[in-house]
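Chain by chain, the residues run as shown.
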Amino acid sequence: MSDERPEKPLPELRASDADRDRVVERLRDAVAEGRLDMEEFEERLEAAYTSRTYAELEPLTRDLPAEGAAAAALPTPGAAPGSPWPARIGGSGTSTSAVAVMSGFQRKGPWTVPARFDAVAFWGGGELDLREANFAQREVVINCVAIMGGIQITVPPGVEVDVRGIGVMGAFDQRVGSSPAQPGAPRVIVTGFAFWGGVEIKVKPPKSPKRPKLSKGL
């Protein structure tokens with residue numbers, strides 16, 4: 001007698017907390033992708049948390065493409081035609097952390113920001129330049145710990161920045177300016193802790209390519 005269960009759970013089986021959490025996460029992604037508005041999201045969210053069986057959970061994501069399936073084939077929802085952002089979202093992070101203890105670190109040029117990046121500066125400094133970077137996901141988190149040190153984060157215009165860090169005799173200084181978030185652009189959440197140190201976030205356009213010098217006499 002086989003103990004194998006069917007690949008697709010039977011509708012009458014009880015759903016677990018993990019099953020409900022997976023549905024909720026897919027609904028959140030659908031909001032970020034522009035597939036659901038907030039009213040629809042709130043209705044489905046409530047239904048997800050009160051669902052008891054797979055039969056009650058399944059309809060909540062039935063009209064949504066499988067996670068990652070549509071993203072590879074379709075442009076980023078909300079992105080304007082010709083937007084560079086879809087081509088810069090996706091892939092694996094180049095590195096997941098950087099530490100400076102009485103020293104320094106840099107991440108700049110072409111690199112891929114992971115879903116979460118941890119940066120630590122203790123009596124030192126660090127620079128994270130995202131102007132030429134790609135992003136593993138549409139939303140990434142940069143967690144900064146600056147103790148008697150400093151971390152500088154530079155983002156290109158159009159990137160949405162959400163600063164949530166806490167400063168104690170230190171500060172998270174957001175110098176984002178008036179650059180509005182562009183449709184389809186990544187969202188960077190900056191969290192962490194600064195003690196007698198600081199984390200500075202600023203917006204700067206990407207560097208212009210250097211023009212070759214002309215020879216004299218031309």
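For the structure itself, consult the block above.
Residues numbered from 1 in each chain as written. Predicted model: local features only at pLDDT ≥ 70, side-chain atom pairs only at ≥ 80, totals over all residues. Heavy atoms only, no water.

The next subject is the pattern of salt bridges. Going through the model one piece at a time under the given rule, you end up with eleven salt bridges. In this structure, Arg116 engages Asp118 in a salt bridge whose closest nitrogen and oxygen atoms are separated by 3.1 Å. Members of the salt-bridge network, linked through shared partners, are Glu139, Glu160, Asp162, Arg164 and Arg187. (Salt bridge = Lys/Arg side-chain N within 4 Å of Asp/Glu carboxyl O.)

The next point concerns the nonpolar core. Counting 29 residues, the largest nonpolar core has Leu130, Cys144, Ile153, Val190 and Val199 as its most contacted members. Within the residue set of this core, elements represented by two or more residues are β1 (97-101), β4 (116-122), β7 (139-147), β8 (150-155), β12 (187-195) and β13 (198-203). With residues up to four places along the chain from it excluded, the contact list for Ile153 reads Leu128, Leu130, Ile142, Cys144, Val190, Val199, Glu200, Ile201 and Lys202. (Core = buried A, V, L, I, M, F, W, Y, C linked by side-chain atoms within 4.5 Å. Buried < 20%, exposed > 50% of the residue type's maximum accessible area, 1.4 Å probe, protein only. Helix = DSSP H or I, 4+ residues; strand = E, 2+ residues; numbered from the N terminus. Contact = heavy atoms within 4.5 Å.)

This part is about helix α1 (residues 17-32). In this model, α1 (16 residues) spans 23 Å end to end at C-alpha, consistent with the 22 Å of a helix rising 1.5 Å per residue. The set of residues buried in α1 consists of Asp19, Arg20, Val23, Val24, Arg26, Leu27 and Ala30. Relative to the axis of α1, the buried residues are bounded by an arc of 160° and lie together on one face. Seen from the buried face of α1, the exposed residues on the opposite side, beyond 90 degrees, are Asp17 and Arg22. If you follow the buried residues of α1, they end up packed against α2 (38-50) and α3 (54-57). Gly34 occupies a position one or two residues after α1 and carries a positive phi of about 85°. (Expected span 1.5 Å × (residues − 1). Arc of directions from axis to C-beta.)

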